[in-house]
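Chain by chain, the residues:
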Amino acid sequence: MKMLRGYLVAAIIGALTWVLMQFGERFSTLVDMVYPYVIRTLQGFLATWSGGVDFLLWQVLAVALGVLALGGLVIVIVMKWDPISWAGWVLAGVSFVYLLHTAMFGLNYYAGPIGDDIRLDVGRYSISELAEATEYYRDKAEALAPQVDRDENGNVKFDDFQTLAGRAGDGFQILTYEYSYPIFAGSTEPVKELGWADMYTSMGITGFTFGITGEAAVNPQIPVVSLPFTMCHEMAHRMSIATEKDANFAAFLACRFNSSVEYQYSAYFMAYKYCYNALVSVGGTEALDTAARIKAGEGELLRHDLVHYSQFFASKQNEQATKVADKVNDTYIKTSGDEAGVLSYGQVSDYLVNWYIQEIIAPTQVEEQQKFDPFDENQVDLSGLHHSPTEETQGEEE
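Every value quoted in this text rests on a predicted model; they were computed, and no experiment measured them.

**Description of the pattern of salt bridges**
Scanning all chains against the criterion turns up 11 salt bridges. For Lys-192, the salt bridge identified is with Glu-215, shortest N-O distance 2.8 Å. Here Lys-192, found in strand β1 (residues 192–193), pairs with Glu-215, found in strand β3 (residues 215–218); they are 23 residues apart in sequence, far enough to count as distant. Of the two residues, Lys-192 and Glu-215, neither departs from the other in class, the shared state being buried. Between Arg-303 and Glu-298 there is a salt bridge; the shortest N-O distance is 3.9 Å. Assessed through its relative accessible area of 5%, Glu-298 is described here as buried. Members of the salt-bridge network, linked through shared partners, are Glu-135, Arg-138, Asp-139 and Arg-293.

**Section: the packing of helix α6 (residues 127–144) against helix α12 (residues 261–282)**
Between α6 and α12, whose axes approach to 8 Å, the crossing angle comes to 150°. The angle between α6 and α12 places the two elements in the roughly antiparallel class. The element α6 and its partner α12 pack so that their crossing is left-handed. For the pair α6 and α12, the contacting residues are Ile-127, Leu-130, Ala-131, Thr-134, Tyr-136, Tyr-137, Arg-138, Lys-140, Ala-141 and Leu-144 in the first and Val-261, Gln-264, Tyr-265, Tyr-268, Phe-269, Ala-271, Tyr-272, Cys-275, Tyr-276, Ala-278, Leu-279 and Val-282 in the second. Along the lines of polarity and charge, the residues of the contact of α6 with α12 split into 18 nonpolar, two polar and two charged.

**Description of the pairing of strand β2 (residues 207–210)**
Judged from the four bridges that link them, β2 and β3 form a sheet pairing that is antiparallel. Each bridged residue has a counterpart across the sheet, and for Phe-210 the counterpart in β3 is Glu-215. The turn linking β2 back onto β3 is made up of four residues, and Gly-214 within it adopts a positive phi angle of 70°.

**A closer look at the sheet that holds β3**
If you walk across this open sheet you meet the three strands as β1-β3-β2, and the pairing is mixed. Each end of this open sheet is capped by a strand with a single partner; those strands are β1 and β2.

Procedures and definitions
- Residues numbered from 1 in each chain as written.
- Predicted model: local features only at pLDDT ≥ 70, side-chain atom pairs only at ≥ 80, totals over all residues.
- Heavy atoms only, no water.
- Salt bridge = Lys/Arg side-chain N within 4 Å of Asp/Glu carboxyl O.
- Helix = DSSP H or I, 4+ residues; strand = E, 2+ residues; numbered from the N terminus.
- Buried < 20%, exposed > 50% of the residue type's maximum accessible area, 1.4 Å probe, protein only.
- Axes fitted to C-alpha atoms, helices over the stretch in contact; angles between N-to-C directions.
- Parallel < 35°, antiparallel > 145°, perpendicular 65-115°, else oblique.
- Left-handed = near helix turned anticlockwise from the far one by under 90°.
- Contact = heavy atoms within 4.5 Å.
- Nonpolar A, V, L, I, M, F, W, Y, C, P; charged D, E, K, R; others polar.
- Pairing = 2+ DSSP bridges.

What follows is the structure in structure tokens.
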């Protein structure tokens, strides 16, 4: 029985975690009303505390725990103790870390969607509306492409990582205080560089946020054009925006409203990629022909950046490592309450299309409807004027 104590502790902790997640799922409305605001404050405190050092505290903690576990295994072997008991206590430690993560961040997965917080009606849309939105984002990216700095090979050249990270919060500040969206009122402490970048690059991982230490980190090796977007994505996670599609849309908005052209280009570049991929994924002759037409309309600089982006991941990713990382990430996301798993990243296209319809198309239609035409008898009150059409009509009737 003594050798099973670690497993018993792990089971108890696992049960507590399960109860906590069931509570979040069953009382999601209550969670949405209270939990994100409390956690956002906590994450802000932790981000300020962990921001006192340049390195990632959670990586140091991971190494320390790994060394401790390995050291324990060595002692078990040397002393000829029962390794089964040792494994049980390792499992208990892992379970406790996951319980802390769930309590300090994980329940955000049960909060309401970001669309509710920013008054965006997210509904169904047609292939033609998806195509129009894709063209819109392509054209916006194309207009910004010549405005960003480039090197002698034509590749995008942004400011260094730290300078870029220092501006990531500017867009969130505008969204919070000028547009009155409290969901973005979290910490804007700069994101950190993700350590062991080579390993994460081989797995296709662009960033990581650890709620227990309040640290948002971004892989510094990813294509420069996507760095601002990814910085805002990880910062959004720290603001208690948990699901990947919500964090992606928050990143788009934060980059779009940032005064930096580097951030704006990153916003529309990534929005175009997501919408174009969504259009292609629809399948069928109509969607694929439309996607090919939109693709053919790309300018030289935008096409260059898209090719460079794709080639980077194609050349750097390890196929097996990426499959393992995707499987782990997919399992984590689904376990946390998002049934879409890793597919949720691409579902940001639903937000992007509806935002385009509501914020770009709808105001234009209203403006056209309300435009005053002095020669339109239906808009001009001619009653009381001598020989007005109204009087002439009345005379004919009499």
